[in-house]
Amino acid sequence: MSPDHSLSQARRFSLGFFPTPLVEMKRLSAELGGPRLFIKRDDQTGLAFGGNKTRKLEYLVGEALAKGCDTLVSGGAAQSNHCRQTAAAACAAGLGCHLALGGEAPDVPEGNLLLDTLLGAEIHWGGPHRKGEQIPDIVNQLVSEGKHPYRVPYGGSNTTGAVGFVAAMGELKAQLTQLQQSLTHILFASSSGGTQAGLLVGARLFGMGAKVIGIGIDKGEAGDDPFETHVQALANATVRHLGIAHHFSATDVIVENDFLGDGYGKVGELERRAVTLTARTEGILLDPVYTGRAMGALMAMIESQQLTRADTVLFWHTGGAPALFPYAADLIAPG
Ligand SMILES: *Cc1c(COP(=O)(O)O)cnc(C)c1O
């Protein structure tokens, strides 16, 4: 059985342009005096300003269409990149889209919310709920109206969505083989867990030796299971879904939780420095919430010698730049 046999069975609806570019960041590496740095440009997936959710949505929308659904329902924060890509995916597939967003309707929508609006998504405001808690109610309402809704979970992170990142690891492996390049570490922002679960399964399936390290972005609520446990469960559910015989143990899941700062969506000096330094050395725009924090973590791990000149590190750019605009005030250094 070829390693991607089980993957080829999954239904996929094309939404993006793949493979995304893999490029070296020589100027940033020199600036940091650190390891060789590569970047995987999933901010360039091509669907309505791109991002990592495009990969998950190709499989989620594939499943929605196979089931004869007519409407995608998802949810997240008001500036959710996942919701913006879901809204765009719905348009591209000829489906309706309902989004449950945290907060209240602003007078003028900005950033991702502006894009959701332009893409015609129907928005349901959830006040304190920013993780799609109202999705089941919206689904029930649509069913009672005779619609056929498809539930896209928070962050697109279920086994179907994670398959997108299993395939992504195969894509990366092929690019590295062509460059005759190997990696010691793969770093990325990890929040709803589907990216990390998929990459873990993909690393196993395609024989990638690099350490897969998620940078924790969201503190979560008191009483939630540890995020690592969630990623482990999703990775194990994904191997079962694909019919691969493997079990991930707790020690297989590496999440760095030292960079949570003041919590989800709170921009501090770590994020400001990472966003501006990456922009000014490479001309690459990160985002304030996810990739800014993850790159800040990478920089701190170089400073603390967790990553050294002996390493070759891939930073997976997961997108999010539309959120730069609503965060303008936080991104301009104070004083
Ligand atoms: C959703 C998102 C992530 C996190 O991916 P998960 O699969 O939810 O862990 C990282 N970066 C950006 C820009 C995102 O939008």
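All of these numbers come straight from a predicted model, not from anything done at the bench. (Residues numbered from 1 in each chain as written. Predicted model: local features only at pLDDT ≥ 70, side-chain atom pairs only at ≥ 80, totals over all residues. Heavy atoms only, no water.)

*Asks:* Describe the sheet that holds strand β4 (residues 96–101), with residues and values.
*Replies:* Spatially, β5-β4-β3-β6 is the arrangement adopted by the four strands of the open sheet, whose pairing is parallel. Both edges of this open sheet fall to β5 (122–125) and β6 (149–151), since each of them pairs with a single strand only. The mean inter-strand angle of the sheet, taken between neighbouring strand axes irrespective of direction, is 25 degrees. Pairing analysis gives four bridges linking β4 to β5, with the strands arranged parallel. By the bridge assignment, Leu99 is partnered in β5 with Ile123. In this fold helix α6 (residues 135–144) packs onto β3 (71–76), β4, β5 and β6, with an angle of close to 160 degrees to the strand it touches most, β3. (Pairing = 2+ DSSP bridges. Helix = DSSP H or I, 4+ residues; strand = E, 2+ residues; numbered from the N terminus. Axes fitted to C-alpha atoms, helices over the stretch in contact; angles between N-to-C directions. Contact = heavy atoms within 4.5 Å.)

*Asks:* Provide a residue-level description of the side chain of Arg84, including the pertinent values.
*Replies:* As for its position among the elements, Arg84 is in helix α4 (residues 81–93). Despite its burial, Arg84 pairs with no opposite charge, the nearest such side chain being Asp116 at 6.0 Å. Leaving out residues up to four positions away in the same chain, Arg84 has contacts with Leu47, Ala48, Phe49, Gly50, Asn112, Leu115, Asp116, Leu119, Gly320 and Pro322. (Buried < 20%, exposed > 50% of the residue type's maximum accessible area, 1.4 Å probe, protein only. Lys, Arg positive; Asp, Glu negative; His and termini not counted. Salt bridge = Lys/Arg side-chain N within 4 Å of Asp/Glu carboxyl O.)

*Asks:* Explain the packing of helix α10 (residues 269–282) against helix α11 (residues 291–303) residue by residue, including any values.
*Replies:* Two elements in contact, α10 and α11, have axes separated by 8 Å at closest approach and are oriented at 90 degrees. In this view, α10 runs roughly perpendicular relative to α11, as classed from their interaxial angle. Each of Leu270, Glu271, Arg273, Ala274, Val275, Leu277 and Thr278 in α10 lies in contact with α11, whose residues at this interface are Gly292, Arg293, Met295, Gly296, Ala297, Met299 and Glu303. Residues of the contact of α10 with α11, tallied by class, amount to seven nonpolar, three polar and four charged. (Parallel < 35°, antiparallel > 145°, perpendicular 65-115°, else oblique. Nonpolar A, V, L, I, M, F, W, Y, C, P; charged D, E, K, R; others polar.)

*Asks:* Explain unusual backbone geometry to me, using residue names and the numbers behind them.
*Replies:* Glycine aside, residues mostly have negative phi angles, and peptide bonds mostly take the trans form. A cis amide bond, omega 5 degrees, links Phe18 with the succeeding residue Pro19. Among the secondary structure elements, Pro19 is positioned in the loop between α1 (5–8) and β1 (22–24). Even without being glycine, Gln180 reaches a positive phi, approximately 50 degrees. Checked against the element boundaries, Gln180 lands in the loop between α7 (159–179) and β7 (185–190).

*Asks:* Describe in detail the pattern of salt bridges, supporting the description with residues and values.
*Replies:* This structure, assessed with the given rule, holds eleven salt bridges. The residue Arg272 makes a salt bridge to Glu269 at a minimum N-O spacing of 3.2 Å. Here Arg272 and its partner Glu269 are both found in helix α10, three residues apart, which amounts to about one turn of the helix. Linked by salt bridges that have partners in common, Lys40, Asp42, Arg55 and Glu171 make up one network.

*Asks:* Kindly report on the packing of aromatic side chains, identifying the contributing residues and their values.
*Replies:* A full pass over the atoms with the stated rule returns two aromatic pairs. Ring plane angle 65 degrees and centroid distance 5.8 Å describe the contact between Phe165 and Trp316, whose orientation is recorded as edge-to-face. Taken together, the residues span a long stretch of sequence, with Phe165 in helix α7 and Trp316 in strand β10 (residues 312–317) at a distance of 151 residues. By relative accessible area, which is 0% here, Phe165 ends up buried. Using a relative accessible area of 0% as the deciding quantity, one classes Trp316 as buried. Ring centres 5.9 Å apart and planes at 75 degrees place the aromatic pair Tyr264 and Tyr290 in the edge-to-face group. Of the two residues, Tyr264 is situated in the loop between β9 (254–256) and α10 and Tyr290 in the loop between α10 and α11; the sequence distance between them amounts to 26 residues. Tyr264 gets classed as buried once you look at its relative accessible area, which sits at 17%. Between Lys53 and the ring centre of Tyr290, over which it is positioned, the NZ or CZ distance is 5.8 Å. Here Arg55 stacks its cationic end above the ring of Phe165, 5.8 Å away from the centre of that ring. (Phe/Tyr/Trp six-rings, centres within 6.5 Å; stacked < 30°, edge-to-face > 60°. Lys NZ or Arg CZ within 6 Å of the ring centre and 35° of its normal.)

*Asks:* A description of the domain arrangement of the chain should follow, citing residues and the corresponding values.
*Replies:* When its domains are assigned, the chain resolves into domain 1 (3–51 + 157–331) and domain 2 (53–155). Using C-alpha coordinates to define each centre, domain 1 is positioned 23 Å away from domain 2. Taken together, the contacts link 40 residues of domain 1 with 32 residues of domain 2. Taken together, the two surfaces of domain 1 and domain 2 that pack against each other cover about 3100 Å², and 59% of this comes from carbon and sulfur. The tally of links from domain 1 across to domain 2 stands at five salt bridges. Note that Arg130 is salt-bridged to Asp218, the shortest N-O span being 3.2 Å. (Domains from an automatic or database assignment. Buried area = accessible area lost by both parts, 1.4 Å probe.)

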